[in-house]
Amino acid sequence: MGLGSFAKSEGGRAATLLAPPFLYALALLALPILAVVLFSFWTQDFMTIDTRFTLANYREFFDKPIYGVLLGRSLMVSGIVTLVTVLLAYPVAYFLSFHVPSHRKSLWLFLITIPFWTSYLIRVFLWKVILGYNGVINSGLVGAGIIDEPLSFILYNVNAVIITLAHAFAPFAILPIFVALEKIDRSLIEASRDLGETRLTTFFRVTLPLSMPGLVAAVLIVFIPTIGDYVTPELMGGAGGKLIANMIQTQFLQLNNAPMGAAIAMVAMVCVTAIALVFVALNRRWLRGRG
Amino acid sequence: MTALIELKGVEKHYGDYHALRGIDLEIRAGEFFSLLGPSGCGKTTLLRTIAGLEEVSSGSIRIDGRDMKGVAANHRPTNMVFQSYAVFPHLTVAENVGFGLRRDPRGKSEKARAVEEALDMVGLAGYGKRRAHALSGGQRQRVALARALILKPKVLLLDEPLSALDRLMREQMQLELIRLQRQVGITFILVTHDQEEALVMSDRIAVMFEGEIGQLADPETLYRRPATKRVAQFIGKMNFLPGALSADRREIDIAGLGRVATADLATSGEIDGAVSVGIRPETLAILFEGETAPRREVQGVVSEVVYYGDMTYYDVRVDGIDRPLTVSMKNLIGRPVLDVGAAARLAWDERALVLLPG
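The rules behind the values
- Residue indices begin from 1 for each chain and proceed along its sequence in written order.
- Ligands are numbered from 1 and chains lettered from A, in the order in which they are written.
- It should be noted that, the model being predicted, local features are given only for residues of pLDDT at least 70 and side-chain atom pairs only at 80 or more, the latter also being counted only at that level, while totals for whole chains, interfaces and linings use all residues.
- Only hydrogens and water are set aside; all other atoms, that is, all heavy atoms of the structure, feed into the side-chain values.
- UniProt positions are given in the numbering used here, feature names are shortened, and annotations may be inferred rather than shown by experiment.
- The helix and strand labels rest on DSSP assignments: H or I over at least four residues marks a helix, E over at least two residues marks a strand, and numbering proceeds from the N terminus.
- We call two residues in contact whenever any of their non-hydrogen atoms come within 4.5 Å of each other.
- Between any two strands, pairing holds if DSSP finds at least two bridges.
- Note on geometry: axes are C-alpha line fits, over the in-contact stretch for helices, and angles between N-to-C directions span 0 to 180 degrees.
- The term buried area denotes the loss of accessible surface (1.4 Å probe radius) that occurs when two parts are joined, taken as the sum for both partners.
- For this document, the term salt bridge refers to a Lys or Arg side-chain nitrogen within 4 Å of an Asp or Glu carboxyl oxygen.
- Gly is put with the polar residues, along with every residue not named as nonpolar or charged; the nonpolar set is Ala, Val, Leu, Ile, Met, Phe, Trp, Tyr, Cys and Pro, and the charged set is Asp, Glu, Lys and Arg.
- Cavities and pockets were defined on a 1 Å grid built over protein atoms only: a cavity is a set of grid points that admits a 1.4 Å probe from which the probe cannot escape, a pocket is an open set flanked by protein on both sides within 12 Å along at least five of seven lines, and lining residues are those with an atom within 4 Å of any such point.
- Grid points are joined across faces, edges and corners, and a volume is the space filled by probe spheres set on the points.
- An angle below 35 degrees is treated as roughly parallel, one above 145 as roughly antiparallel, one from 65 to 115 as roughly perpendicular, and anything else as oblique.
- Each helix crossing is assigned a hand: it is left-handed if the near helix lies turned anticlockwise from the far helix by less than a right angle, otherwise right-handed if that turn is clockwise.
- Only buried Ala, Val, Leu, Ile, Met, Phe, Trp, Tyr and Cys residues count toward a nonpolar core, and they belong to the same one when joined by side-chain atoms within 4.5 Å.
- Three exposure classes are used, based on accessible area relative to the maximum for each residue type with a 1.4 Å probe and protein chains only: buried under 20%, partly exposed in between, and exposed over 50%.
- Note: domain ranges come from an automatic or database domain assignment.
- Polar contact is defined as a pair of N or O atoms within 3.5 Å, subject to the rule that within protein one atom must be able to donate a hydrogen and the other to accept it, and that residues adjacent in sequence are counted only when both atoms are side-chain atoms.

Looking at the UniProt feature "domain: ABC transporter" (unreviewed entry) in chain B
Those places that UniProt annotates as "domain: ABC transporter" (unreviewed entry) correspond, in this numbering, to residues 5–235 of chain B. A helix fraction of 34% and a strand fraction of 27% characterise residues 5–235 of chain B, whose end C-alpha atoms lie 25 Å from each other.

This is the structure in structure tokens:
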């Protein structure tokens, strides 16, 4: 088979189309990850890297409690952010799918993307202004005479991180849930009502189970990026609100210990992968019922 | 028989669109009733107002003596088989059939037995554990039927239940639905646009056009004595001839056919003003060599031949009639199929004529 016929064959055409993004992904995703994997088995020897294979970094990760605490806090923060985001996003998606007339839906979707018009960083700073010691909430509450001195538990701690992240990721959660709700045949809901269920029980017996794939997608979309988020805990977390990503950054850039940073990153990645796989398996179970 | 469902002056507006225009209707207990009409005539809307899935704009619906105003679908003694079947894709067949039994006080094993019985009734015994999405269209339909019948509703509403099935399956299901209805004795209300389906299955049929009932009658009356040209055209085929009534209304002069006594004609009430006469194609006959007309005869020329296998449809031109008459003939043994242009003697019978307004 000559080259010409290869280019014309289906497989050849697919290969031609896929090659550029594949090379791009290889260079910018696979190779760096491979480098991180390698680094995690090396050690830092003052200014040079000792490239002998060792598990010392992993041993240190599990020996010193600080890493476990940070990873645990990261998982908890992501978990809460995911829960809050999905709980807030579901009613919005539901309203959008069931109560907004179809000719207005695209307008609403457009409006939901408005937060993306400003950069993530600016939105984080915005929350600083709202939650700060002399911020909108505190000066408002003090001015109204409800509190005597500004609340301190809303900035520079885990709470602030959770509030900021939940806001930032809300649109990401709304969209997959909306799509799943849109796909539900409305006659199924009518059938449930016809068979004796109320609006509420219909929601739990029909609507919610059928929107599960969207819900699981929303959970993954929020959970995976928030666990590695670095900017928000850095700016909003204060001393007690630092997460695993901040530790990785510290290892790489401040302590100049890239191998340790790489090892922490690897452990975090394995955790995320494991949790994501659980949700993918859940989704499979829900998706099996679709024809 | 008493009226199980009474509709009085039921109106439905969707914004500017007037979907139902003053529907008055009584449906009897145990009856197989059909709402027949072209798409957009309001038949499905009417069914949905009975089910409680649609509010009426004005008028009243009573079921079993109870006013249904403000009664939601889940509190009505009706159950519906949806056009799309609406079988829950995330549940098994048994879970689907048992969906409405949640509040049933019976124990688990008794409910399971009821589900099995319902599945057996629709010919799906042993299918309980299958997942609903793995079923064929016909099987989904049976699941939807079992799911509704297990609740023993006073009225079963069927929204075009057979339209998605192929012809063979549809004919089989028609007979099966009739059998089921006789077996359970529940009032069935069927919505269909298929006149043949309505004729085969129903005790009575309401023919609807543009949100109004055009005629309500049993299948035979509807076919033999349609009230209007529109009903006649919707149910079967019919030739229409202009006619002129004599001054004393005892005779009618029919274009091309001549005078007949009005008393011989079928009609569904007094008719004023302009009149037409309708003739079904199967009540006309082409006379072959040696045959004589039992009553009346007229000369014509074949202008079109459509061969259907068991039947042949001829268009026959007759002097004095501007449109050719359609005649259907059984293709009996030894009977030739005529060619276009052949001379044909037509036999007709005044007792098969229908007097219509317009």
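Side note on the side chain of K111 of chain B
Following the sequence through the fold, K111 of chain B ends up in helix 3 (residues 108–121). Apart from residues lying up to four places away in sequence, K111 of chain B is in contact with L101, R102, D104 and R106 of chain B.

Some thoughts on the sheet that holds strand 10 (residues 212–217) of chain B
All names here are of chain B. The strand order across the open sheet built from 6 strands is 6-7-8-3-9-10, with neighbouring strands paired in mixed fashion. The open sheet has two edge strands, strand 6 (78–81) and strand 10, and neither has a second partner. The mean angle between the axes of side-by-side strands here comes to 20°, regardless of whether they run parallel or antiparallel. In the sheet, strand 7 (residues 155–159) pairs with strand 8 (residues 187–192) via 5 bridges, with the strands oriented parallel.

Quick notes on the UniProt feature "domain: ABC transmembrane type-1" (unreviewed entry) in chain A
Annotation from UniProt places "domain: ABC transmembrane type-1" (unreviewed entry) at residues 71–281 of chain A. This span, residues 71–281 of chain A, is 75% helix and 0% strand, and a straight line between its end C-alpha atoms measures 23 Å.

Notes on the interface of chain A and chain B
Taken together, the contact between chain A and chain B spans 21 residues of the former and 24 residues of the latter. Summing the contributions of chain A and of chain B, the shared interface buries around 2,100 Å²; its carbon and sulfur component is 56%. Looking only at chain A, the three residues that lose the most surface to chain B are D194, L195 and R205 of chain A, adding up to 33% of its buried area. Where R48 of chain B meets E190 of chain A, a salt bridge forms, and the shortest distance between an N and an O atom there is 2.5 Å. Counting only elements with at least two residues in the side of chain A that touches chain B, the list comes to helix 9 (186–194) and helix 10 (199–210) of chain A. For the side of chain A that touches chain B, the leading source of residues is helix 9 of chain A, giving 7 residues. The class makeup of the residues in the side of chain A that touches chain B is 6 nonpolar, 7 polar and 8 charged.

Here's the deal with empty space enclosed by the protein
Residue and element names in this part refer to chain B. Applying the stated criterion across every chain yields a total of 1 cavity of 30 Å³ or more. Roughly 30 Å³ of volume is contained in the largest cavity. Looking at the largest cavity, the residues that line it are V122, R142, L145, M173, E176, L177 and L180. Secondary structure elements with two or more residues in the lining of the largest cavity: helix 4 (137–149) and helix 5 (167–184). Among the elements that make up the lining of the largest cavity, the one with the highest residue count is helix 5 (4 residues). By residue class, the composition of the lining of the largest cavity is 5 nonpolar, no polar and 2 charged.

So, the packing of helix 4 of chain B against helix 5 of chain B
All names here are of chain B. Between helix 4 and helix 5, the least distance of the axes is 12 Å, while the angle of their chain directions is 15°. One finds that helix 4 runs roughly parallel with respect to helix 5. Handedness of the helix 4/helix 5 crossing: right-handed. Contacts from G138, Q141, R142, L145 and L149 in helix 4 reach M169, Q172, M173, E176, L177, L180 and V184 in helix 5. For the contact of helix 4 with helix 5, the per-class residue count stands at 7 nonpolar, 3 polar and 2 charged.

Let's talk about the nonpolar core
Residues I177 and M236 of chain A together with I5, L7, L35 and I189 of chain B are the most contacted members of the largest nonpolar core, which totals 74 residues. Element by element, the count of residues in this core is highest for helix 8 (residues 158–182) of chain A, at 12 residues. Other than its neighbours up to four places away in sequence, L35 of chain B contacts L25, K43, L46, L47, I189, L190, V191, T192, A206 and M208 of chain B. Formed by 35 residues, the second largest nonpolar core is a distinct cluster that contains A114, I150, L177 and I186 of chain B.

Quick look at the pattern of salt bridges
Residue and element names in this part refer to chain B. Taken as a whole, this structure holds 26 salt bridges over all chains when the rule is applied. We note a salt bridge from R28 to E31, for which the minimum N-O separation is 3.8 Å. We classify R28 as partly exposed; its relative accessible area is 31%. On the accessibility criterion, E31 (2% relative accessible area) is buried. A salt bridge links E210 to R230; the shortest N-O distance between them is 3.2 Å. Of this pair, E210 sits in the loop between strand 9 (204–209) and strand 10 while R230 sits in helix 8 (residues 229–234), and the two are 20 residues apart along the sequence. One salt-bridge network, in which partners are shared between bridges, spans R295, R296, D349, E350 and R351.

Description of the domain arrangement of chain B
Interface extent is often summarised as the accessible area lost during association of the parts. Taken domain by domain, chain B holds domain 1 (3–224) and domain 2 (237–357). Taking the mean C-alpha position of each, domain 1 of chain B and domain 2 of chain B sit 39 Å from one another.

Topic: the side chain of Q215 of chain B
Residue and element names in this part refer to chain B. By the secondary structure assignment, Q215 is in strand 10. Engagement of the side chain of Q215 in a polar contact is seen with the backbone oxygen of R225, the distance being 3.2 Å. Within the structure, the side chain of Q215 is placed 2.8 Å from the backbone nitrogen of A227, a separation counted as a polar contact. Every residue in contact with Q215, bar those within four places of it in the chain, is listed here: I205, A206, V207, L222, R225, P226, A227 and V231.

Considering the environment of H75 of chain B
All names here are of chain B. Mapped onto the elements of the fold, H75 is located in the loop between strand 5 (66–67) and strand 6. Judged by its relative accessible area of 53%, H75 is exposed. Taking C-alpha positions, H75 is 9.8 Å from A51, a pair spaced 24 residues apart along the chain.

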